[in-house]
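Descriptive analysis of the structure
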Amino acid sequence: FVKTVQAPTTTGQWSYFAETSDVLETKAEFDHAKDGQPKGIKTVVWTLQTYAKKYPISKEMISDSKTGVTPNWVSEIQQTIQDLNDNTNDKLISDQFNADGVNHITATDAIADMKKVLNVNLKPMDAAQAQIILSQSAFNALDQLKDNFGRPLLQPDPSSATANRLFGKPVIIVADELLGKTGEANSVIAPLSKAIVDFQNDKVTGQFLDNFDVFENILGIYVRKDVKAVRPELINTIKLTNKSIAASQPTTVGMGGK
């Protein structure tokens, strides 16, 4: 969901336009158009880091895999490598939810405060593009809530067998630890493609080399990247307390029923 930028050097500077409320101005025939103000140009500095891990796999394990009795170890490790890459990306992105300038909210009414972020904190275009990210505990808490007609607030997404929607938006569910601690109900609402940039330089995955001295292969991953919150003001983290969840639960169900 975040924006990806190719970074050609270890460190560098990326420029972008900040949000503007400026408008075009009228121009009489043959008059010069008025200059726009470049004050909205901002920059962010990237500094690439290298992330890597390797797994030695013996020729004996590879031979055993060919029998079909034991797992295909090369395939298993390649999948593990992909999981490591995904986990690292998720962690680097979630770290930006604590960047300077991020809007941190402790909810008093979970649903009302989440709606306020979309209705007030974010401009309409940003709200339309925003994602709703829930920790597993936050998803579990919201999944128990119903509307005034007894219907679950989290609705199944007809376009996906496993996804859910809240306020008409797809919900992204992540492990509690990505947004806080185990058991904490936390949420993030942000247009991630505008708020966070993933600067990428180089990536190598798979089989690196054969070591014929000890008859082993080395499978691993090597990645150079940096992740930055370029518009932290668009990121809203919401801590959902038990009290705020309870405040979102209607006291009546149906047309005036109790």
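The text that follows walks through the structure, step by step, so that each part is easy to find. Every chain is numbered independently, its residues counted from 1 as its sequence is written. The predicted origin of the model limits local features to residues at a pLDDT of at least 70 and limits the giving and counting of side-chain atom pairs to 80 or more, whereas totals for whole chains, interfaces and linings rest on all residues. Hydrogen atoms and water are omitted, and side-chain values are computed over all heavy atoms in the structure.

Every case where a carboxyl oxygen of Asp or Glu lies within 4 Å of a side-chain nitrogen of Lys or Arg is listed as a salt bridge. Scanning all chains against the criterion turns up six salt bridges. Note that Glu184 is salt-bridged to Lys239, the shortest N-O span being 3.8 Å. Separated by 55 residues along the polypeptide, Glu184 in the loop between helix H6 (176-179) and strand S10 (186-190) and Lys239 in strand S13 (residues 236-239) bring together distant segments of the chain. Only protein chains enter the accessibility calculation, which uses a 1.4 Å probe; a residue whose area is less than 20% of its type maximum is buried, one above 50% is exposed, and one in between is partly exposed. Looking at Glu184, the relative accessible area reads 23%, which means it is partly exposed. Taking the relative accessible area as the measure of exposure, Lys239 reaches 35% and is therefore partly exposed. Of the charged contacts, one joins Asp226 and Lys228 as a salt bridge, the two residues approaching to 3.9 Å between their closest N and O atoms. On the basis of relative accessible area, Asp226 is assigned to the buried category, the value being 12%. Think of it this way: any DSSP run of H or I at least four residues long counts as a helix, any run of E at least two long counts as a strand, and we number them from the N terminus.

Adjacent strands of a sheet pair through backbone hydrogen bonds, lying either parallel or antiparallel. Strands were regarded as paired on the criterion that DSSP finds at least two bridges between them. Judged by pairing direction, the sheet is mixed, and its seven strands sit side by side in the order S5-S13-S10-S6-S9-S8-S7 without closing on themselves. Looking at the sheet topology across the chains shown, the edges are occupied by strand S5 (103-106) and strand S7 (155-156). Bridge analysis of S10 against S13 gives four bridges, and the strand direction is antiparallel. By the bridge assignment for S13, Asn186 is matched with Lys239. Contacts are assigned to residue pairs with any non-hydrogen atoms lying within 4.5 Å of each other. Think of each axis as a best-fit line through the C-alpha atoms, taken over the contacting stretch in the case of a helix, with angles from 0 to 180 degrees between the N-to-C directions. The sheet strands contacting helix H5 (residues 136-143) are strand S6 (131-135), strand S8 (164-166), strand S9 (169-174) and S10, and the helix crosses S6 at an angle near 100 degrees.

A few words now on the nonpolar core. For the purposes of this section, nonpolar cores are sets of buried Ala, Val, Leu, Ile, Met, Phe, Trp, Tyr and Cys residues that join through side-chain atoms within 4.5 Å. Ranked by internal contacts, the top residues of the largest apolar core, which has 44 residues, are Phe97, Met114, Leu142, Ile189, Ile196, Ile235 and Leu240. In terms of residue count, the dominant contributor to this core is helix H3 (residues 110-121) (five residues). Residues contacting Leu240, with those up to four places away along its chain left out, are Ala107, Ala110, Met114, Ala138, Leu142, Ala185 and Ile245.

Geometric values such as these leave the question of function open.
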